[in-house]
Amino acid sequence: MSSLKSRVISSIVVWLICITPIQTLTLETTENYNEALRQDRKQIMCPTKCYCTEEKTTQQFNVDCSNRQLQNIPDLPPQTTRLDLSLNNINNIQSFFFSNFTQLSYLDISFNKLYHIFNNTFYGLHSLKWLSLMRNNLIYLNSTFELDAFNGLDQLEVLHLECNSPSKDNIVYPDQAISKLKNLREINIDGYPVPLGPGFRNLEKLEAELITNNNVVRSYKNMLVKNIGTIIRRTLYLALPPNLEVFISGSMKVEYFIPAITFLNNTVLRYMDYSNNMARCWGGPMNGLPALQYLDLSENYCTKMSLTFFKYLTNLTTLLLQDNVLGISLAIDISGIAFSTLTRLETLNISGNTITSLSRNVFENNINLKYLNLSRNELTDFDIDLKTFNKIELMKSCVSQEIFIGTLVTFFIVLGIVLLSAMFYYNRWKFAYLYYIGSKKLHIGNISLAYKPVAGVFITYEQEPEYIFLARNVFIPRLIQNHVTYVNGEDDFPAGPQQNNIAGAIVGTRKTLILLSRDIFEDRNRELEMNLAIMHEMNCSDRIIVPVFVGHFQVNTWPIEIVTYIRNQNHRCLLYEDTEEFWEMLINQIRQ
């Protein structure tokens, strides 16, 4: 017996020794699974103050934290692909903060309070292609953007730096930091009359450089434009990114003159916009842009232009010079030098330039010219040699004075009719209201109303059985119970064509009770009653209408002027419920 007992005890011990590791392993496995589950849950968790969306077809995870009054960037899911942090109060981003966000392709930190970009701030954003830092406090200084501020942005294509801190002395573009962005195609920056810096030469893929008019620098008045390069023998040598095709720097309004300028390192620039600045004197010539086809120098208030300014721009097809003061410069061009080398020019706009006279052969070499605008000048004689131009193109562009004047008069007549029709349409209820209340006497049946109220409320409603029953058997008895006199349009007078009766009912009662249902305004007379009541309310500067929603309704099907009124007066609208609280509010509104 003891032998059997010992054998049983031994078996139990062996079983416990064997099962304990299994239990431990099971517990460990469960714990690991739970931890993995927590990590997965943490990975997809959206920040408390943000809004997250996931696009499963494109596998994008978008996080919108804009306009949340954030002081710091919250914990974000590492799989985020688009992040909007705009319109917050973020003033600092630590280095390597984004090191785990390798899938992020779009980052907007505009309209914040950033004042410094540290080294490796964006390190890890290897997929980022679009970055906006506009509207922060980032002064253009090398100390603001540390040398490796943009380190890690290997794929960045678009950078917004415009509209940052106001201009101050010693402005320096952070060209060394920006030079690390080898794949940059477009940069948006504020315009200042200072050198861009040699670092911009390294941006070999740059296609568009947009210089905005965020700051008007008054302190640089009458200074030469300084840019990349040095001035040698009064010629400005300016190096551009080699692949830059579009250059826009309009509306800076920095007053200076354009000296002789030679562009280096670029043979593909085809579009240049330098309009709406204050370049009052064009020295020139401009050289080094063999591919330039479009040049806009309009609205610069230029009073002096060298006759050789366009000498080397032989591929120009469009030249816009309108709204300058080039009349004197062109008047002394007796030999027609100014545009003589522009043989490919097709469009020339020199309107609004106070031109009083032009040399006969001023356009002699512009054999491909198709559009010439000389309007808004002071020409008294037009003796220009046009024999070399394409006659067919000229005939297409010439319109006789009679046809032009006739077309113009017809246009203004049609425009006047349209404006009058629109004015009548949008004020039709006002005109109707003024017409009706202008009558000497207004009647409801045999009751003369004039302008003295003879009842407490005028009640109108949809002419369907359920609403007729509701008005006559529910609302009117309640009005009588509370000693409120009333006029019921359908009972007390025939509506419809007798529209002066409708006006009299509205003017001759203190309030207009309208039971608003879904199809009430399908009846033209209900629409008229509502709009006349609105006009009467505006005329009296008092609350005339008592709107009550009954049944099912859909305001979007109602006339637009009524919808507008209801939305603006939504706080006054009552929702029908057969409760004492509702009837008390209704009677109070009628008696106010």
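Use the structure listed above.
Thresholds applied
Residues numbered from 1 in each chain as written. Predicted model: local features only at pLDDT ≥ 70, side-chain atom pairs only at ≥ 80, totals over all residues. Heavy atoms only, no water. Helix = DSSP H or I, 4+ residues; strand = E, 2+ residues; numbered from the N terminus. Contact = heavy atoms within 4.5 Å. Areas by Shrake-Rupley, 256 points an atom, 1.4 Å probe, with all protein chains shown as cover. Expected span 1.5 Å × (residues − 1). Bend = angle between axes of the 7 residues up to and from the residue. Buried < 20%, exposed > 50% of the residue type's maximum accessible area, 1.4 Å probe, protein only. Axes fitted to C-alpha atoms, helices over the stretch in contact; angles between N-to-C directions. Parallel < 35°, antiparallel > 145°, perpendicular 65-115°, else oblique. Left-handed = near helix turned anticlockwise from the far one by under 90°. Nonpolar A, V, L, I, M, F, W, Y, C, P; charged D, E, K, R; others polar. Disulfide = S-S within 2.5 Å. Salt bridge = Lys/Arg side-chain N within 4 Å of Asp/Glu carboxyl O.

Chemist: Give a description of the overall build of the protein that names residues and reports values.
Modeler: When you go through the protein residue by residue, the secondary structure sums to 12 helices and 28 strands. Taking the intrachain contacts of the protein between residues at least 6 apart in sequence as the baseline, contacts between residues at least 24 apart amount to 63%. Within the structure as shown, the protein displays about 31700 Å² of accessible surface, and the carbon and sulfur contribution to it stands at 55%.

Chemist: Kindly report on helix α7 (residues 465-481), identifying the contributing residues and their values.
Modeler: Across its 17 residues, α7 extends 23 Å between first and last C-alpha, which sits within 8% of the 24 Å expected from 1.5 Å per residue. For α7, the principal kink sits at Ala471 and spans about 30°. Inspection of α7 places Tyr467, Leu470, Ala471, Val474, Phe475, Ile476, Arg478 and Leu479 among the buried residues, and these make up the whole buried set. Those residues of α7 that are buried are in contact with β24 (455-460), β25 (486-488), β26 (509-516), β27 (545-549) and α12 (580-591). Positive phi appears at His483, one or two residues downstream of α7, with a value of about 60°.

Chemist: Just give me the short version of unusual backbone geometry, but keep the residues and values in it.
Modeler: The backbone of Asn276 sits at a positive phi, close to 55°, despite the residue not being glycine. Within the secondary structure layout, Asn276 lies in the loop between β14 (271-273) and β15 (278-282). A relative accessible area of 17% means that Asn276 is categorised as buried. Positive phi values are uncommon outside glycine, yet Asp323 reaches one of about 60°. Here Asp323 shows up in the loop between β19 (318-320) and α3 (327-331).

Chemist: Outline the packing of helix α10 (residues 524-540) against helix α11 (residues 560-568), supporting the account with residue identities and numerical values.
Modeler: The relative placement of two packed helices comes down to the angle between their axes together with the axis-to-axis distance. Where α10 meets α11, the closest approach of the two axes is 10 Å, and the angle between their N-to-C directions is 50°. Looking at the two axes, α10 sits oblique to α11. Considering only the axes of α10 and α11, their crossing is left-handed. Every residue of α11 that contacts α10 at Glu527, Met530, Asn531, Ile534 and Glu537 is listed here: Glu561, Ile562, Tyr565 and Ile566. For the contact of α10 with α11, the per-class residue count stands at 5 nonpolar, 1 polar and 3 charged.

Chemist: Which residues make up the state of the cysteines, and what are the values?
Modeler: For the structure on display, the rule yields 2 disulfides. Sulfur-sulfur distance for the disulfide between Cys46 and Cys52 comes to 2.0 Å. Taking the sign of the S-S torsion, 80° for the link of Cys46 and Cys52, the bridge is right-handed. A relative accessible area of 29% places Cys46 in the partly exposed class. Put simply, Cys50 and Cys65 are joined by a disulfide, and their sulfur atoms are 2.0 Å apart. In this structure, the disulfide formed by Cys50 and Cys65 twists by about 110° around the S-S bond and is classed as right-handed. With a gap of 15 residues between them, Cys50 in the loop between α1 (2-43) and β1 (51-55) and Cys65 in the loop between β2 (60-64) and β3 (82-84) connect regions that are remote in the sequence. A relative accessible area of 12% places Cys50 in the buried class. The exposure class assigned to Cys65 is buried, which follows from its relative accessible area of 0%.

Chemist: Please give an account of the pattern of salt bridges that cites residues and values.
Modeler: Scanning the entire structure with this criterion turns up 9 salt bridges. Among the salt bridges present, the one from Arg376 reaches Asp323, with a minimum N-O distance of 2.9 Å. On the criterion of sequence distance, the pair formed by Arg376 in the loop between β21 (371-373) and α4 (391-397) and Asp323 in the loop between β19 and α3 is long-range, its members being 53 residues apart. Arg376 sits in the exposed class, given a relative accessible area of 52%. A salt bridge links Glu529 to Arg526; its shortest N-O distance comes to 2.9 Å. Of this pair, Glu529 and Arg526 are both found in helix α10, 3 residues apart, which corresponds to roughly one turn of the helix. When salt bridges with common partners are traced through the structure, they connect Asp523, Arg526 and Glu529 into a single cluster.

Note that every value here comes from positions in space, so none of it alone points to a role or purpose.
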